[in-house]
Amino acid sequence: MNLTSIRILALAASVALGACGSDATDIVDSEMTLEQAEDLAGVIMYGIYATGSEGFGQPATTAGPALAAYSQTVSIDDLEVECPLGGVVHVDADVSATGDDETGAFSLDWSMTQVHDACAFESEREREFTLWGHDSLNADFLFASNGEDVFEWSGSITGGVDWLTDGVEGSCNVSVEFSGRQEGVESGFAELNGTVCGVD
């Protein structure tokens, strides 16, 4: 549950979307370019993981020097989480975590609803997005690691946001299912099926 994990998810989303289509005429909202749609997909994935982790907090570990395993379930109700570049996102979620502090292995399983309020993020290409909730984003998400730089994830996101970037604004509907696996920084894959801002 570190910054590397978050960056892997954001990169995987934008790469997977780019692989799904390369024709800008596929975009329903003509004000958004394909590159912007790819960046927004990464920002949405980043936001789902990062705000979920923030709301969940650090799992409690079992006391005792030989007992490093932990297990925790948390329900989150209307939690207000600050966004990286300003604004907030309102989060409702049910989160379960298991893991082992000694090996670094963990598994996170959550269902989440997000409503954005001038929530600002920066994409991997350093493009800033500000999001508002014309609809909620609803996510089911499983993220796990064996503690040895192997990460696996799967889930779905539905709903929508209003967005502003590069002086252009619009509305974006999201309906995707995703999965992936990453080993270190050199090997892995990501699959994303569905649509983000009209790109499929």
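Residues numbered from 1 in each chain as written. Predicted model: local features only at pLDDT ≥ 70, side-chain atom pairs only at ≥ 80, totals over all residues. Heavy atoms only, no water.

Participant: It is not clear to me how the packing of aromatic side chains should be interpreted in this structure. Could you clarify?
Facilitator: Two measures describe an aromatic ring pair: the distance that separates the ring centres and the angle between the ring planes. Taken as a whole and judged by the stated rule, the model has seven aromatic pairs. Taken together, a centroid distance of 5.6 Å and an interplanar angle of 70° make the contact between Phe141 and Phe178 edge-to-face. Placement of the pair is Phe141 in strand β6 (residues 137-145) and Phe178 in strand β8 (residues 168-183), with a sequence separation of 37 residues. Under the relative-accessibility criterion, Phe141 is labelled buried at 3%. Overall, the relative accessible area of 7% leaves Phe178 in the buried class. (Phe/Tyr/Trp six-rings, centres within 6.5 Å; stacked < 30°, edge-to-face > 60°. Helix = DSSP H or I, 4+ residues; strand = E, 2+ residues; numbered from the N terminus. Buried < 20%, exposed > 50% of the residue type's maximum accessible area, 1.4 Å probe, protein only.)

Participant: Just checking my understanding: could you explain the pattern of salt bridges for this structure?
Facilitator: When charged atoms on two side chains of opposite charge get close, those side chains can pair. Throughout the structure, instances matching the rule amount to eight salt bridges. Salt-bridge contacts for Asp39 lead to Arg125; the nearest nitrogen and oxygen are separated by 2.8 Å. In this pair, Asp39 is assigned in helix α2 (residues 34-56) and Arg125 in the loop between β4 (119-122) and β5 (128-132), connecting sequence segments 86 residues apart. Residue Arg125 is classed as partly exposed on the basis of its relative accessible area of 41%. (Salt bridge = Lys/Arg side-chain N within 4 Å of Asp/Glu carboxyl O.)

Participant: Before we go on, may I ask you to explain the pairing of β8 in this structure?
Facilitator: Within a regular strand, the side chains alternate between the two sheet faces. Bridge analysis of strand β7 (residues 150-165) against β8 gives 16 bridges, and the strand direction is antiparallel. Note that in β8 the partner of Ser154 across the bridge is Ser179. Hairpin connection from β7 to β8: two residues lie between these consecutive antiparallel strands, with Asp166 at a positive phi of about 55°. Relative to strand β9 (residues 187-196), β8 runs antiparallel, the two sharing ten bridges. What sits directly across from Gly180, in β9, is Ala190. Counting the residues that bridge the hairpin from β8 to β9 gives three residues, and of these Gly184 lies at a positive phi of roughly 65°. (Pairing = 2+ DSSP bridges.)

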